[in-house]
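Summary of structural features
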Amino acid sequence: MIPYLKSKWLTCLSFIESKYFFYLVLCINIILVSITRFYPTMDGAAHLYNSKLLTYLLSGNNFLSQFYSINSISTPNWLSHSVIAATNIVFPIWVAEKILIIGYIAGMAFSFRYFLKQVNPDALYLSLLIFPFSYTFLFYLGFYNFSISFIFLFLAIGYYIKTIESKSYLKYLVLSTLIVLCYLSNILTYGFLGLTLGSLAIQNSFSETFESKSVKNILASVFRKLFELFIVSIPSLILQFAFLSDVTFFSTKDTYPTKELIKWILDVRSLIIYTYDDEILTQPMLLAIVALFTLSISFKNTYIKKNFFSLTLLLQIFLSAILLFMVPDGSGSGMMSYRYLIIFYFFVLLWITSITVHNNLNRYVLLVAVGLHLGLLYRHLDGAIKDLNHHAEIVYNVGDYVDSNKVILPINLSDHWIEPHFSNYIGLKKPILILENYEAGVGWFPIKWKLDQMPDFQVCGESSIGEFNWTTNKNSLHKVPIDYIFIYGNLSKLKEEKWSKLNPILANDFELIHKSKEGYALLYKRK
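The rules we used
- Residues numbered from 1 in each chain as written.
- Predicted model: local features only at pLDDT ≥ 70, side-chain atom pairs only at ≥ 80, totals over all residues.
- Heavy atoms only, no water.
- Axes fitted to C-alpha atoms, helices over the stretch in contact; angles between N-to-C directions.
- Helix = DSSP H or I, 4+ residues; strand = E, 2+ residues; numbered from the N terminus.
- Parallel < 35°, antiparallel > 145°, perpendicular 65-115°, else oblique.
- Left-handed = near helix turned anticlockwise from the far one by under 90°.
- Contact = heavy atoms within 4.5 Å.
- Expected span 1.5 Å × (residues − 1).
- Buried < 20%, exposed > 50% of the residue type's maximum accessible area, 1.4 Å probe, protein only.
- Arc of directions from axis to C-beta.
- Bend = angle between axes of the 7 residues up to and from the residue.
- Pairing = 2+ DSSP bridges.
- Phe/Tyr/Trp six-rings, centres within 6.5 Å; stacked < 30°, edge-to-face > 60°.
- Lys NZ or Arg CZ within 6 Å of the ring centre and 35° of its normal.
- Salt bridge = Lys/Arg side-chain N within 4 Å of Asp/Glu carboxyl O.
- Nonpolar A, V, L, I, M, F, W, Y, C, P; charged D, E, K, R; others polar.

Packed helices, taken two at a time, are described by their axes: the angle between them and the distance between them. Across the interface, helix α5 (residues 78-87) lies against helix α6 (residues 93-119) with an axial gap of 8 Å and an inter-helix angle of 135°. Taken as axis vectors, α5 and α6 run oblique relative to one another. Along this stretch, α5 crosses α6, giving a crossing that reads as right-handed. Facing S80, V83, I84 and T87 of α5, the residues of α6 in contact are I93, A96, I99 and L100.

Let's shift gears to helix α2 (residues 19-34). Here α2 contains 16 residues, and its C-alpha end-to-end distance of 23 Å stays within 8% of the 22 Å for a straight helix at 1.5 Å per residue. Looking only at α2, the buried set comprises F21, F22, V25, L26, N29, L32 and V33. Projected down its long axis, α2 shows its buried positions confined to an angular sector of 140°, all on one face. Exposed residues on α2 whose side chains face more than 90 degrees from its buried face are Y20 and I31.

With that settled, consider helix α17 (residues 361-398). Given a rise of 1.5 Å per residue, 38 residues ought to cover 56 Å, and the 54 Å separating the end C-alpha atoms of α17 matches this to within 8%. A maximum bend of about 40° is found in α17 at I385.

Here we come to the sheet that holds strand β7 (residues 484-489). Strand order in the open sheet formed by 5 strands is β3-β2-β7-β9-β8, and the pairing between neighbours is mixed. Edge positions in the open sheet fall to β3 (433-434) and β8 (510-515), since each of these has one partner strand only. Sheet analysis places strand β2 (residues 407-413) next to β3, joined by 2 bridges and oriented parallel. Counterpart to V407 in the pairing with β3 is L433. Against the sheet, helix α19 (residues 502-509) makes contact with β2, β7, β8 and β9 (521-526), and its axis sits at roughly 95° relative to β8, the strand it touches most.

A separate point is the packing of aromatic side chains. Evaluation of the coordinates by the stated rule reveals 38 aromatic pairs. With centroids separated by 5.2 Å and ring planes inclined at 85°, the aromatic side chains of F422 and Y425 adopt a geometry described as edge-to-face. Here the two residues F422 and Y425 agree in accessibility, since each one is buried. Aromatic side chains Y438 and F445 sit 6.0 Å apart centroid to centroid with 80° between the ring planes, which places their arrangement in the edge-to-face category. The ring of F137 is capped by R269, whose NZ or CZ atom sits 4.4 Å from the centre of that ring. Between the NZ or CZ atom of K429 and the centre of the ring of Y396, over which it lies, the distance is 4.5 Å.

Turning next to the pattern of salt bridges. All chains considered together, the criterion is met by 11 salt bridges. Close ionic contact of E393 with R37 constitutes a salt bridge, the shortest N to O distance being 3.5 Å. You can see E393 sitting in helix α17 and its partner R37 sitting in the loop between α2 and α3 (44-58), a full 356 residues away along the chain. Residues K493 and D415 are paired through a salt bridge, measuring 2.8 Å at the closest nitrogen-oxygen approach. On the criterion of sequence distance, the pair formed by K493 in the loop between β7 and α19 and D415 in the loop between β2 and β3 is long-range, its members being 78 residues apart. What you see here is one network of salt bridges that share partners, running through K171, R224 and E228.

Contact pair α5 / helix α8 (residues 144-163): the axes reach a minimum separation of 8 Å and the direction vectors enclose 100°. Taken together, α5 and α8 sit at an angle that is classed as roughly perpendicular. Between α5, through W78, L79, S80 and H81, and α8, the contact on the second element is made entirely by Y144, N145, I148 and F152. Classifying every residue of the contact of α5 with α8 gives 5 nonpolar, 3 polar and no charged.

Next comes the structure, spelled out in structure tokens:
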């Protein structure tokens, strides 16, 4: 009996290394993100709304064209909006979001697996480790483009390693396309991709010409490979130059203490989403990966020599770690500490999986890591995601009560930190102007406000309600009355002193036309 059970157990462990287990885990991930209509993130509603705006503007909507324009500069945030807008031509907007998210999860899985196939094909099953790191804190903030950019990072690095000695035109075309797609996703990841490819080119030149001991040959090889990379990068460099010469970042010097950043690394802060209680699962996940490294790494010179790129990956790990501690969180477009931490983890993952040698212990470590990941993913779904989706659907359905080509003033009373842009769900059914659209004001998204032509949007002849302000041009002589006021969240807050001037306006100048059954949302229409 015992030999039989042992045989069955070994068969199960062997299954973990198979491609079928990889596909099984991928399918479970896809199912878990597809159960709810929306998979709400902080900025997700804004991305969907602005993708709809993009289609309306391209189709010639005269009403919205008065207030918005399509950004003429090559912003590195086009990719997700383009995918959503294109798929929304055929599918409902919530299905378009599902296609984007599923495409992201599958893209991360297959691109990481592709990378491993080039560098460590005997340990291809380690590609399972990418699944938990696909659901980062910034992904749940709605940083879709930043998240998607790693797909092209993995593909470009893997493809360059595979074809580094090739001189075919197809190689240059494919590599140039991957680099452009990475730029169109996120400019920071694009920068790390450039540094990685350049380091790979230099390191490969030294490794292949070192035996000749000819400095001339080494330098010639370095120059040739770097020049090739420069040529294929020209399209993305032009786009980058146009963007940086036209956009202004609103940077701050906000920073986190060194002690806090060290705690982030040890707690795997990138995978802690709604509450810090998640560390119960994220810390064991880190220990599993450390165990994989400790128990499986090979220090054999022949293996390290074969994997010439290992030093390049280490350099990126050190660089991202230095930037994590040196660059203020508020610099650039903000959240820089979180970005560098995620980049740090991804390069650590690339490095460990590329030099890990197969042994039986790997399967146990992988089983633990995958189990912890699926447990954490289900925990999020059964908790926050279902509740947030319920609120998103309420707001989405409020759109049925709003007439097309009207102006809505949203008021957020929600207690949940992830819901500040949930009002944007109203604008997913009809062309509607919502006076809460952070994307249109920052300058690095596809849609932007026509600030010089913006009218003064008013409620009862006023451009603000007490201390509550909205997007408007108070200096404009063109006054436009607001048609609807939409309030969502904890409605008991309306009794607070802060909203004392709002309540008489609602009572005298607007009429309540819709109230959600759960008491989460109110829609008022101007009389």
